[in-house]
Amino acid sequence: MKTFVVIGLGRFGTAVATELCALGHEVLAIDGKEENTQAVADLVTHAVTGDARDPAVLRALGVRNYDCAIVAVGDDVGNSALITLNLKELGIKEVICKAQSHVHRKVLQKIGADRVVFPEHEMGVKLAQGLSSSNVLNFIELSDDFGIVELAAPKNWQNRSLKDLDVRAKYGVNIIAIRNPKTHELEVAPGADYVINTEDEVVTLGRMEDINRLHDL
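Treat the numbers as computed from the prediction; the structure is a model and nothing was measured. (Residues numbered from 1 in each chain as written. Predicted model: local features only at pLDDT ≥ 70, side-chain atom pairs only at ≥ 80, totals over all residues. Heavy atoms only, no water.)

Novice: Help me understand the overall build of the protein chain in this model?
Specialist: The secondary structure content of the protein chain amounts to 9 helices and 11 strands. Long-range pairs, those at least 24 residues apart, make up 53% of the contacts in the protein chain with a sequence separation of at least 6. In the structure as shown, the protein chain presents an accessible area of about 11,600 Å², 50% of it carried by carbon and sulfur atoms. (Helix = DSSP H or I, 4+ residues; strand = E, 2+ residues; numbered from the N terminus. Contact = heavy atoms within 4.5 Å. Areas by Shrake-Rupley, 256 points an atom, 1.4 Å probe, with all protein chains shown as cover.)

Novice: Teacher, can you tell me more about the nonpolar core here?
Specialist: A general tendency of soluble globular proteins is for nonpolar side chains to be buried together. Formed by 22 residues in total, the largest nonpolar core has its most connected members in V5, I7, L58, V63 and L87. Contributing elements (two or more residues each) for this core: β1 (3-7), β2 (26-31), β4 (68-71), α4 (77-90) and β5 (94-98). It is α4 that provides the largest number of residues to this core, a total of 3 residues. Excluding residues that lie within four positions of it along the chain, I7 makes contacts with I30, A52, L58, I70, V71, A72, V73, I83 and L87. Ranked by size, the runner-up nonpolar core spans 15 residues in total, among them L151, Y171, V173 and I211. (Core = buried A, V, L, I, M, F, W, Y, C linked by side-chain atoms within 4.5 Å. Buried < 20%, exposed > 50% of the residue type's maximum accessible area, 1.4 Å probe, protein only.)

Novice: What is the right way to read unusual backbone geometry from this model?
Specialist: Leaving glycine out, the prevailing phi sign among residues is negative, and the prevailing peptide bond configuration is trans. With a phi angle near 65 degrees, N159 is a residue other than glycine that sits in the positive phi range. Tracing the backbone shows N159 in the loop between β8 (146-152) and α7 (162-165). Phi angles above zero are rare outside glycine, and A189 is one such case at about 50 degrees.

Novice: Just checking my understanding: could you explain the sheet that holds strand β6 (residues 115-117) for this structure?
Specialist: The strands that make up a sheet pair up through hydrogen bonds in the backbone, lying either parallel or antiparallel. Judged by pairing direction, the sheet is parallel, and its 6 strands sit side by side in the order β3-β2-β1-β4-β5-β6 without closing on themselves. Either end of the sheet is taken by a strand with one partner, and the two such strands are β3 (46-49) and β6. Direction aside, the axes of adjacent strands within the sheet are offset by 15 degrees on average. Strands in contact with helix α1 (residues 11-22) are β1, β2, β4, β5 and β6; relative to β1, the strand with the most contacts, it is inclined by about 160 degrees. The strands that α4 touches are β1, β4 and β5; relative to β4, the one it contacts most, it runs at about 170 degrees. (Pairing = 2+ DSSP bridges. Axes fitted to C-alpha atoms, helices over the stretch in contact; angles between N-to-C directions.)

Novice: Could you clarify how one ought to interpret the pairing of strand β11 (residues 201-207) in this entry?
Specialist: On any regular strand, side chains alternate: one points to one face of the sheet, the next to the other face. Counted residue by residue, β11 has 5 buried out of 7 residues, so it is predominantly covered. Relative to β11, β8 is paired through 7 bridges, and the arrangement is antiparallel. By the bridge assignment for β11, G147 is matched with G206.

Novice: What's the story with α1 in this structure? I'm lost.
Specialist: Compared with an ideal rise of 1.5 Å per residue, which puts 12 residues at 16 Å, α1 spans 16 Å between its outermost C-alpha atoms and is within 8% of the ideal. Of the residues making up α1, those classed as buried are G13, A17, T18 and L20. Looking straight down α1, one finds that the buried residues subtend no more than 160 degrees of arc, so they occupy a single side. More than 90 degrees from the buried face of α1, the exposed residues found are R11 and A22. The inward-facing, buried residues of α1 abut β1, β2, α2 (34-40) and β4. Positive phi shows up at G24, right after α1, with a value of about 100 degrees. (Expected span 1.5 Å × (residues − 1). Arc of directions from axis to C-beta.)

So, in structure tokens, the structure goes:
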């Protein structure tokens, strides 16, 4: 079990806090509005109304003892930046922040955020990637340049070995795993002799420009 602090209980923060708790983790949820904390009081370990911009409040709640903090206050750059700075100064091991723009992300990264997420942007990219090709099953954007895509094995890949396909040379991507959806078995870092079956789902890692070429397979 890990321990998490979630600050900001809008739609994103509430979803993160309640899901983490449902998965068996200890969750402290903090928001400046009483109605927001009351809404999740029965769904998280602890729900507290308080101003996370005040380091004294965070110290009193003992947030320095938690493994990870999620700053879900994304509608105000100043507030999220101040809260992030407070958390880093308190020595939180990992601070993950929600951003609303690229400028917002740069500000958070400059003051020490360990990871910055764009929920709406990432969901939009994932939807667009899925809609652009019927064989794309899932997509994860790692950065502006790199991503991971899971796709149904293209017909011209089926019944051929990875050595024969040589996708890195031909497409510029690496096959990092292969999943069999029937048995739910995941072959991580498959060897060159692995032969792709017709039902296989292939997980590839590469530059966005190379991943987009896979849509045409």
